[in-house]
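Working through the structure, step by step
Residue-level listing of the chains:
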Amino acid sequence: MADNSIQQALIDDPPNNILKRKPSEGTKRFRKCRSMPSSDPDKSPAEDGSLRQAKELFKGLRPSFKLVGLLLFAYLLAGVIAFYLVMDQISGKRTNRVLDALYFCIVTMTSVGYGDLVPNSDATKLLACAFVFTGMAIIALFISRAADYLVEKQELLFFKALHMNMKGGEAKMLRTMEANRIKYKFYTAALLLVTTIVAGTVFLWKVEKLSLVDAFYCVCATITTLGYGDKSFSSEMGRVFAIFWIITSTVIMAQFILYLAELYTEQRQKMLAKWVLTRRITTMDLEAADMDGDRQVGAAEFVLYKLKELGKISQDEISSFLEEFDKLDVDQSGTLSAYDLTLAQPAQ
């Protein structure tokens, strides 16, 4: 029932000829546009104009890694200075005044809260309250940026290790990697998490002289930010290690949980897509897909119906697109041309 002209347009209508060809009145067209991702595997989608503009538009909504790093450095510097000045009002086992101030700041920021250093005056308690709220906001940004950076740097190496003998070249490898992106991010985060758990356990066992079980117990209490406090880093060398290890391990743990949730969601989406693509089409489906009420379903209508079933697009969104199309279609021909755009969107 699909119009042959639609299928032909999907196959061989070059983007540069979209505005040059004038279809006959009443004929439905469904063409490629310049904003569509290129079918050329060697060409990055970022090379497409519309996608590049969209990325530039939303780039400012997400802080850069450099900016987040500067915020974290400023926070830690302010924390070290503040807690250094009030260290006499913080009880607990001491090592080095500057090191303890930085260690207390890290433990506060990550919400681990061992309890081995505790504010014991009203001023230090209020100061700790201010730093824990500020620190959690900054660590949330840092987790988002640093973990992405850390995981993505290892992701390609991990993928190549699994597919060293893949045939078809780098383009095929990149396509496969993109199709399984969340899965490989999850695997990489899991590998990094195991590495940090082992490193922390061995350090506490060998340097802090905890038993192997207590070392593992302390590591788990730390990376989950449970922080019972009965076991912690108490030596000067241990707190130096903890400053770097606590941030790294809590960041990786948070990202591991995120990727686990994303992987579960992706698997559900794939199951839904498989069901949608393999189930039998009924006359009720055809009636639901018939958007213009002509009792025939064209290729474009069928694709839209399938996208709605997958939850990729809603009826409200389709209606909004059609309203925009009607506004741009000044001559009411059912198609858009450069002339329509000139009348509908005059130069400012």
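Everything numeric in this text was worked out from a predicted model, so none of it was measured.

A look at the environment of Gly69
Among the secondary structure elements, Gly69 is positioned in helix α3 (residues 65–85). The exposure class of Gly69 is partly exposed, given its relative accessible area of 28%.

Comments concerning the packing of aromatic side chains
Inspection of the entire model under this criterion finds 12 aromatic pairs. Centre to centre, the rings of Tyr217 and Tyr228 are 6.1 Å apart; their planes meet at 10°, and the pair counts as stacked. Taken together, the residues Tyr217 in helix α8 (residues 212–223) and Tyr228 in the loop between α8 and α9 (236–278) connect sequence positions 11 residues apart. Its relative accessible area of 30% is what places Tyr217 among the partly exposed residues. An angle of 45° between the planes, with centres 6.1 Å apart, marks the rings of Phe233 and Phe241 as tilted.

Comments concerning the UniProt feature "transmembrane region" (unreviewed entry) in the protein
Sites flagged by UniProt as "transmembrane region" (unreviewed entry) map to residues 67–86, 98–117, 123–143, 184–205 and 240–261. Within the segment residues 98–117, helix and strand shares are 60% and 5% respectively, and the terminal C-alpha atoms sit 13 Å apart. Within the segment residues 240–261, helix and strand shares are 100% and 0% respectively, and the terminal C-alpha atoms sit 33 Å apart.

Thoughts on the environment of Tyr187
The residue Tyr187 is located in helix α7 (residues 181–206) in this model. On the basis of relative accessible area, Tyr187 is assigned to the partly exposed category, the value being 34%.

A word on a nonpolar patch on the surface
Where nonpolar side chains cluster on the molecular surface, the patch consists of Phe73, Leu77, Ile81, Tyr84, Leu85 and Val98 and spans about 600 Å² of accessible area. The biggest single contributor to the nonpolar patch is α3, with 5 residues. Take Val98: it is sitting in helix α4 (residues 97–109). Owing to a relative accessible area of 44%, Val98 belongs among the partly exposed residues under this scheme.

Some remarks on the pattern of salt bridges
Throughout the structure, instances matching the rule amount to 7 salt bridges. Arg97 is the partner of Asp88 in a salt bridge, and the nearest nitrogen-oxygen pair spans 3.1 Å. Using a relative accessible area of 29% as the deciding quantity, one classes Arg97 as partly exposed. Across the pair Arg279 and Asp285 runs a salt bridge whose closest N-O atoms are separated by 2.9 Å.

Describing the confidence of the model for the protein
Model confidence for the protein is summarised by a mean pLDDT of 75, while 70% of its residues fall at 70 or above. Here helix α1 (residues 4–12) stands out as the least confident element of the protein, with mean pLDDT 41; α8 is the most confident, with 93.

Description of the side chain of Asp285
Inspection of the secondary structure assignment puts Asp285 in helix α10 (residues 283–289). A distance of 2.9 Å separates the side chain of Asp285 from the backbone nitrogen of Thr282, its partner in a polar contact. A polar atom in the side chain of Asp285 sits 2.6 Å from the side chain of Tyr305. Discounting chain neighbours no more than four positions away, the residues touching Asp285 are Arg279, Arg280 and Tyr305.

What counts and what doesn't
Residues numbered from 1 in each chain as written. Predicted model: local features only at pLDDT ≥ 70, side-chain atom pairs only at ≥ 80, totals over all residues. Heavy atoms only, no water. Helix = DSSP H or I, 4+ residues; strand = E, 2+ residues; numbered from the N terminus. Buried < 20%, exposed > 50% of the residue type's maximum accessible area, 1.4 Å probe, protein only. Phe/Tyr/Trp six-rings, centres within 6.5 Å; stacked < 30°, edge-to-face > 60°. UniProt positions renumbered as here; feature names shortened; annotations may be inferred. Patch = residues over 30% accessible without salt bridge, like charges linked within 9 Å, V, L, I, M, F, W, Y side chains within 5 Å. Areas by Shrake-Rupley, 256 points an atom, 1.4 Å probe, with all protein chains shown as cover. Salt bridge = Lys/Arg side-chain N within 4 Å of Asp/Glu carboxyl O. pLDDT = per-residue confidence, 0-100. Polar contact = N/O pair within 3.5 Å; in protein donor to acceptor, adjacent residues only side chain to side chain. Contact = heavy atoms within 4.5 Å.

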